[in-house]
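These are the residues of each chain, in order.
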Amino acid sequence: MTAKIGQSALRPDIARFARGEGNYVSDIPAPDALWIALARSSVAHAELISINVDAARRVPGVRGVFTGRDLAGTTPQSSLWDLPGQNHTHLRALAEDRLRYAGQPYAAVAAETREAAVQAAALITSDNRPLETVGSIDESLTGDTLLYPEWKSNAVAKQHWEFGDVTGALTQSHLVVAERFMSGRVHPMSLEPRSVLVRPEPDGSLTIWTSTQSIHQVRASVAECLGLPEHRLRVIAPDVGGSFGMKACAYGEETLLAFIALKLNRPVRWIETRREAFIGSTHGRDHRFDLETGFDADGRITAMRGEVILDKGADAFGVSIGTAWISGAVITSVYHVPAIDISASGLVTNKTPTGAYRGFGQPEAAFAIERTLDIAANRLGIDAAEIRRRNFVPSYALPYTTPTGLVLDSGDYTGLLDLTLSRFGYTDRTRAAKSRAMGDIRTGVGFACYSEVTNFGPSALCKAIGVANAGFDVATIRMEPSGHVRLFTSQTPMGQGIETVLAQICADELTVPVEDVAVVHGDTLSASYTGYASGGSRGAGVGGASAALVSRKLADQIRRWGALVLKADPAEVELIQGGVQVVDDPVRRCSMAAIAGEAYFPSTVPEGLEPGLEARAVFEPSSLAISYGVVAVEIEVDLALGTVRVKDVVFGHDCGVQINPKIVEGQIIGGVAQAIGASLFETIEFDDAMLPVTTSLHDYFLPLAADIPTINLVHQTTPTPFSPLGVKGVGESGVIGTPAAIANAVQHALEGSGLLLTLPLTPERVLKANDTLR
Amino acid sequence: MTARVQHFELNGQRIECDAHPSKLVVDYLREDAGLTGTNIGCGEGVCGTCSILVDNCSARSCLLLLGQIEETSVLTIEGLAGHTLGPVIQDAFSRHFAAQCGYCTPAMLLIALEYLLDGTIENHADKTVIRDRLASVMCRCTGYQPIIDAIHDVAKSLALGPASQKLRTTP
Amino acid sequence: MSFVPQLLAEFPEDGTTMKRPDFSAPTSLLELKHEYSKSPEGTMLIAGGQSLLPALFKGRSMPDKLIDIGRVAELRRLEFGSGNVFLGAGLTFTQILASKGATVLPGLVAALGYVGNCTIRNRATVGGSLAWADPRAELSLLLLVLDAVVVTERREFALADLYGEAGQNNLAPGEIIVGVRVNGCDAKKCEFLELMPRASAGRAVIGVAVCCDQLGSLRIAVSGLWKPQICASVVGCDLGAESLAESWLTDHCEAAAKLADIAFGWAYRRRAAAVLMTRAIESVRR
């Protein structure tokens, strides 16, 4: 099958999944492996005085019990994001002298069966001296109780952007909207829990199978923590059952299992339970954004002053305050803002750490700015679409550097807004909504714009903003002697279909059927080093670019070998329909197999070539690419119960060139579904003692099919000039603008009520805003 | 310890096993029968990832004891292709991109089969009915839309004539 | 709080091997009675297991023995005449919904439609639902307003007497629910409404059942507020629906221990109960 860029080539892995042949870490047979179970803190904050493991050791089948003391000789896990002046937690996989959140592991059991390991872990107890808990951003700010006394405060790091005379501009503004926008704590909730299997190999090396997005980060982390050389570590990500950013960084369990495997010289495995996933995998969002935005009488933004604070939870590992950093950096979105004063910071609290989650600070920022624009439009008596048109960065000004230093690369913001709203029937629906009141049911219509930072990221930018790894991507390619192609990538499939996208790119460049390209992924043995694997919406734009570049290099070799076979001048031949032929002379043609046969067993080797067909290429993005879009929704709210149903979504977007439109569509629709969950149902709650109360899917309400309406897409295509294929990322698009759009629509339905400023829009919050809660 | 042999049919094959009757079916499938296509999502009966069919009715295999499937006919994803409708549903899922990470996919396919075989439903091609039925299984990736489209597609292609009745009732 | 999952297995303090509950699956009521009477204390009956197994995972102490009632033919009796219904304890909700008798019992299709989802309804049974006494269960809420009678292998009694203060069941050791009977429901009108956390599936936040007899007398039950489900009659009342709901809730507000709900606060649930009750009363009076 030909599968050019822009065609929806089928994903072969779906057929495999549909046969039950998914291969997740927990499916990998290891009958000789010991099972690991963890003892986790049942208190939020305490000094850890001693740990009692005797009873656990006596459980039949237990082969080892480990505590923080055993790990004392290892190096603490470092942070992927390290801003100037950042405080570090220096934590290891098991707590040592202090417990800082309920759920923090402090001991591990290795046993012959899972039952024995679990039973033994349940028998481990600790003697603690309770400490005051820090449960909120406000409590953390006071500094009365410090999680890390040596820091002298609870702040992990801070970032500040300043441009223009904000005070002056705000003073002279016709209207200032100043509100506090809260994006609640949610769980990324991949359906496959995390899982790790470590096997000591006969040659002294270790193989680690783990459910991760980032095989090289895991390798680097285990190598650093345990002082192991990287060429003795092989990290494999088999099928990954969803990750959504939650599996973007290395976790302590990978290091811990490698440590135990080496100590006991046995394979060891751990499969996270769902309860553990709720407390032990990183949470998302939990941002508070105080935003003050000035407007002139025509609704043009004059200035912004804002402070975003992330509740980081108890450990700054992984992405540190990255989500707050991005939130601050994208607050001006696709709008022209003449003056800004924005700060971003993250504070530690006695909760499960927050980390990367699809959207990564951008939904939080979009919620603040898009709610602000609706509030301003309402107060100024300007249409919500018109106020945005007046503030968009015009197309002629692109590329445009925002006051926080991001470059808006390409697009037509007004064009897409108008197209989407017209497809949605915005004007008619807005008018009709009011007349549709039935009993307690009201209809609301709203929309929000968004921008999405994609193709992360230029290495120089990474360095400048404190990200510890470079952002280039390496691809290698080999045409086998049979004329079939293998592409080796460091991108990680986790359901997004990147392997199909890459195969399509290669097939297109080499003019071969897509079945003739096999993509090898998820293995540090075959993949070149990548600082970031898949994440930051970079798979297609950055990983795809290196795949294109390497295919072009290979194509050049193929052309020259083909010319040799055809006895033609290399300048006269071209790759076409899976072979090489003389331009305009289809009779003089040879197949890939014939070319590969010659290249692997040559009579003569052309000047500058070597036997065989292999190439390597690096793509270093010169700039980010900013995707953007408009989400229009219609909702129904029950004024008496406060419940909200999303009835209709029209999603307009521009992610540049689409390689596989069905995959793009899947990314957006899936993202919108997650955003509906985070907007209406999903919230992680703690009690007064900072013990997590949401530890089960009985109480964490993932959206079900009936909660998601049919989502219709509107496509606009503006290639980015910063990627050889013109491709921008799309993986996070669905989640960014949707919460703000839903809130705008609910606010529309609750005309005249108090402002909706906190996500999720639980029935209780909706009723409160409507002043009907007695 | 109750020592007794369990008898049941698994993917068309007669099984005799001496695993403990209080063992969870999902553990039996994955550990004893080597059928790892049935995935575990929550282990508490909520997400539906581990769904299987017992006598053509879906069941959470994490809320089912081996003793409870005695003398029943069990279908897991590995046996789906052996059902007349299996390949049709599998093909529709592929064509509609009705999976992303694949973790819920085995359950979704089995729920789809149960739905298409359910004689109490008047119009299998009604998307609202399909949507409601899918409440049995959580999907975190797709937003359900392509899954609904795939099932709808199969339902439409099965003209509701006698031939399709036959197709449905033939195991 | 324990974050360690419970397994369906235990290690005895002194033993070396893992212990799972014994399991038996009698095929007749006689055999079931015999099995159960051997050691009623350490035994749990398992029907669908859709409530029992999650409770065991969450740390409820493991029984020594599980008896599966799924094979007992006498427990799968389904009888319906004009206004009379008998639902055997072993019937699954799917079996009931697929039967012609489902519509004889007013409100039954609506109530069972709120239970979990299709897969749960395939396994969940009448007996399991009643015996488990889940404060949010749909079937018992409906049967309470219909004055259902519980039939065990030794006696019959009003469903309301099945439940104790803390929401546990009052069955004697070894007592087996055979089924539940409802009489005279042809003249009754029922409305069953439930607020769920999402559009479909999952547990109830608030459930309300209202039954109106020929004389216009109402019987109202609510779940999601108190540990036991509260059911009470309103005789000869001509209050408007909203005032009636409010006064009913006020009258019973002190009645029992409040039910905790991680996701929905008391004030909200109290308010939602009034709204649903008002709507249900309006519906049966229509």
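What you see is a predicted model; the values in this text were computed from it and never measured.

Colleague: I'm lost on the overall build of chain A in this one. Help?
Modeller: Along chain A, the regular secondary structure elements total 21 helices and 29 strands. For 774 residues, the compact-globule estimate of 2.2 N^0.38 gives 28 Å, and chain A sits close to it at 27 Å. Based on the C-alpha atoms only, the size of chain A along its principal axes is roughly 90 × 70 × 50 Å. Looking at chain A residue by residue over its 774 residues, the buried ones come to 67%. Look at the contacts in chain A between residues 6 or more apart in sequence, and 79% of them connect residues 24 or more apart. For chain A, the accessible surface area stands at approximately 25000 Å², while carbon and sulfur atoms represent 51% of it. When the 66 positive and 86 negative side-chain charges of chain A are each reduced to one mean point, those points stand 2 Å apart.

Colleague: So what exactly am I meant to see when it comes to the interface of chain B and chain A here?
Modeller: Interface size, as often reported, equals the accessible area lost upon joining of the parts. Chain B puts 42 residues into the contact, and the matching count from chain A is 50 residues. Here chain B meets chain A over a buried area of about 3600 Å², counting both sides, of which 58% is carbon and sulfur. Of all residues in chain B, Phe97, Gln100 and Arg140 of chain B give up the largest surface area on contact with chain A, accounting jointly for 24% of the area buried on that side. Along the contact surface separating chain B from chain A lie two salt bridges. Put simply, arginine 140 of chain B and glutamate 682 of chain A hold a salt bridge, and the shortest N to O gap is 2.8 Å. Sorting the residues of the side of chain B that touches chain A by element identifies α2 (86-95), α3 (105-117) and α4 (127-133) of chain B as the ones contributing at least two each. It is α2 of chain B that contributes the most residues to the side of chain B that touches chain A, four residues altogether.

Colleague: When you look at the sheet that holds strand β4 (residues 98-99) of chain A in this model, what are you seeing that I'm missing?
Modeller: Picture the strands of a sheet paired through backbone hydrogen bonds; they go either parallel or antiparallel. All names here are of chain A. If you trace the three strands from one edge of the open sheet to the other, you get β4-β2-β6, paired in antiparallel fashion. Every interior strand has two partners, whereas the edge strands, β4 and β6 (125-130), have only one. Summarising the sheet, strand β2 (residues 46-52) and β4 pair through two bridges and their orientation is antiparallel. Looking at β4, one finds that glutamate 47 is bridged to arginine 98.

Colleague: Sorry, what's going on with the packing of helix α16 (residues 539-566) of chain A against helix α17 (residues 592-600) of chain A here?
Modeller: All names here are of chain A. Interaxial distance between α16 and α17 falls to 9 Å at its minimum, and their mutual angle equals 90 degrees. On the basis of the axis angle, α16 is roughly perpendicular to α17. Between α16, through Ile558, Trp561, Gly562, Leu564 and Val565, and α17, the contact on the second element is made entirely by Met592, Ala594, Ile595, Glu598 and Ala599. Classifying every residue of the contact of α16 with α17 by side-chain character gives eight nonpolar, one polar and one charged.

Colleague: I would appreciate a short explanation of empty space enclosed by the protein in the present structure.
Modeller: Rolling a probe over the atoms, with the probe sized like a water molecule, indicates the empty space that remains. Residues and elements named next belong to chain A. Counted under the stated rule, the structure contains 17 cavities of 30 Å³ or more. In this structure, the largest cavity occupies an estimated 850 Å³ of space. Around the largest cavity, the lining is made up of 49 residues, and of these Gly535, Gly536, Ser537, Arg538 and Glu732 lie nearest the centre. Those elements that provide at least two residues to the lining of the largest cavity are α15 (498-510), α16 and α18 (661-681). Here the lining of the largest cavity gets three residues from one element, more than from any other, and that element is α18.

Colleague: Got a minute to help me understand the pairing of strand β23 (residues 579-582) of chain A in this structure?
Modeller: Two faces, one strand: in a regular strand the side chains alternate between the faces of the sheet. Residues and elements named next belong to chain A. Burial along β23 is two-sided: the face carrying Gly579 and Gln581 and the face carrying Val580 and Val582 are both buried. Both strand β22 (residues 573-576) and β23 contribute to a ladder of four bridges, which runs antiparallel. Note on β23: the bridge partner recorded for isoleucine 576 is glycine 579. Taking the residues between adjacent antiparallel strands as the criterion, β22 and β23 are bridged by two residues, where glutamine 577 takes a positive phi near 45 degrees.

Colleague: Would you explain the pairing of strand β1 (residues 6-10) of chain B in this entry?
Modeller: All names here are of chain B. Only one face of β1 is covered, namely the face carrying Gln6, Phe8 and Leu10; the face carrying His7 and Glu9 is uncovered. Bridge count between β1 and strand β2 (residues 13-17): five bridges; the pairing is antiparallel. Looking at β2, one finds that leucine 10 is bridged to glutamine 13. What sits between β1 and β2 in their antiparallel hairpin is a turn of two residues, with asparagine 11 showing a positive phi close to 50 degrees. Relative to strand β5 (residues 73-75), β1 is paired through two bridges, and the arrangement is parallel. Its bridge partner lying in β5, leucine 10 is registered against valine 74.

Colleague: Is there a simple way to explain the interface of chain B and chain C in this structure?
Modeller: Tallying the contact residues gives 32 residues for chain B and 27 residues for chain C. Summing both sides of the interface, chain B and chain C together bury roughly 2300 Å²; the carbon and sulfur share of this comes to 56%. Among the residues chain B hides against chain C, the three largest losses belong to Ser22, Leu63 and Gln68 of chain B. Together they make up 26% of the total. The tally of links between chain B and chain C comes to zero salt bridges. In this assembly, chain B and chain C are joined by ten residue pairs in polar contact (both at pLDDT 80 or more). Elements that contribute at least two residues to the side of chain B that touches chain C include exactly β4 (57-60) and α3 of chain B. Top contributing element to the side of chain B that touches chain C by residue count: β4 of chain B, with four residues.

Colleague: In this structure, what is going on with the environment of leucine 143 of chain C? I would like to understand it.
Modeller: Residue and element names in this part refer to chain C. Of note, leucine 143 is situated in helix α7 (residues 138-145). By relative accessible area, which is 0% here, leucine 143 ends up buried. Those residues within four positions of leucine 143 in sequence are excluded, and the remaining contacts are Leu105, Leu130, Ala148, Leu159, Val180 and Val182.

Colleague: Even after reading the chapter, I still don't get α16 of chain A, so can you show me in this structure?
Modeller: Between its first and last C-alpha atoms α16 of chain A spans 37 Å; for 28 residues at 1.5 Å apiece the expected length is 40 Å, and the two agree. Just downstream of α16 of chain A, lysine 567 of chain A is the residue with a positive phi angle, here 55 degrees.

Colleague: I keep staring at the nonpolar core and nothing clicks. Help me out?
Modeller: A general feature of soluble globular proteins is that nonpolar side chains tend to end up buried together. Counting 225 residues, the largest nonpolar core has Phe447, Ile635 and Leu697 of chain A, Phe93 of chain B together with Ile206 and Trp248 of chain C as its most contacted members. The residues touching isoleucine 206 of chain C, leaving out its near neighbours within four places in the chain, are Leu193, Glu194, Leu195, Val222, Ser223, Gly224, Leu225, Arg269, Ala272, Ala273 and Leu276 of chain C.

Colleague: Even after reading the chapter, I still don't get the domain arrangement of chain C, so can you show me in this structure?
Modeller: Residue and element names in this part refer to chain C. Its domain assignment divides chain C into domain 1 (76-185) and domain 2 (188-285). Taking only C-alpha atoms, the centre of domain 1 and the centre of domain 2 are 19 Å apart. Sorting the residues of domain 1 by area buried against domain 2 places Tyr114, Arg136 and Leu141 first, and these three jointly supply 34% of that buried surface. Applying the counting criterion to the domain 1 and domain 2 interface returns two salt bridges. A salt bridge links aspartate 261 to arginine 136; its shortest N-O distance comes to 3.5 Å. At the junction of domain 1 and domain 2, the tally comes to nine residue pairs in polar contact (both at pLDDT 80 or more). Put simply, the parts of the chain that give the side of domain 1 that touches domain 2 at least two residues each are α4 (108-113) and α7. Residues belonging to the side of domain 1 that touches domain 2 are distributed by class as follows: 13 nonpolar, eight polar and five charged.

Colleague: Sorry if this is basic, but what is going on with unusual backbone geometry here?
Modeller: Residue and element names in this part refer to chain A. The omega torsion of the bond from leucine 398 to proline 399 falls at -10 degrees, within 30 degrees of zero and hence cis. Mapped onto the fold, proline 399 is located in the loop between α11 (384-391) and β16 (400-401). Here the amide bond leading from phenylalanine 456 into glycine 457 is cis, since omega sits at -20 degrees, within 30 degrees of zero. Looking at where glycine 457 falls in the secondary structure, it is placed in the loop between β18 (441-454) and α14 (459-464). Positive phi, normally seen in glycine, also occurs at aspartate 584, with a value near 65 degrees. One can find aspartate 584 in the loop between β23 and β24 (585-591). Overall, aspartate 584 belongs to the exposed group, its relative accessible area being 73%. One non-glycine residue with positive phi stands out, namely methionine 690, at about 60 degrees. Mapped onto the secondary structure, methionine 690 falls in the loop between α18 and β28 (711-715). Overall, methionine 690 belongs to the buried group, its relative accessible area being 11%.

Rules used in this analysis
- Residues numbered from 1 in each chain as written.
- Chains lettered and ligands numbered in written order.
- Predicted model: local features only at pLDDT ≥ 70, side-chain atom pairs only at ≥ 80, totals over all residues.
- Heavy atoms only, no water.
- Helix = DSSP H or I, 4+ residues; strand = E, 2+ residues; numbered from the N terminus.
- Rg over C-alpha atoms; globule rule 2.2 N^0.38 Å.
- Buried < 20%, exposed > 50% of the residue type's maximum accessible area, 1.4 Å probe, protein only.
- Contact = heavy atoms within 4.5 Å.
- Areas by Shrake-Rupley, 256 points an atom, 1.4 Å probe, with all protein chains shown as cover.
- Lys, Arg positive; Asp, Glu negative; His and termini not counted.
- Charge placed at Lys NZ, Arg CZ, Asp CG, Glu CD.
- Buried area = accessible area lost by both parts, 1.4 Å probe.
- Salt bridge = Lys/Arg side-chain N within 4 Å of Asp/Glu carboxyl O.
- Pairing = 2+ DSSP bridges.
- Axes fitted to C-alpha atoms, helices over the stretch in contact; angles between N-to-C directions.
- Parallel < 35°, antiparallel > 145°, perpendicular 65-115°, else oblique.
- Nonpolar A, V, L, I, M, F, W, Y, C, P; charged D, E, K, R; others polar.
- 1 Å grid on protein atoms, 1.4 Å probe; cavity = no way out; pocket = protein on both sides within 12 Å on 5 of 7 lines; lining within 4 Å.
- Points joined across faces, edges and corners; volume = space filled by probe spheres on them.
- Polar contact = N/O pair within 3.5 Å; in protein donor to acceptor, adjacent residues only side chain to side chain.
- Expected span 1.5 Å × (residues − 1).
- Core = buried A, V, L, I, M, F, W, Y, C linked by side-chain atoms within 4.5 Å.
- Domains from an automatic or database assignment.

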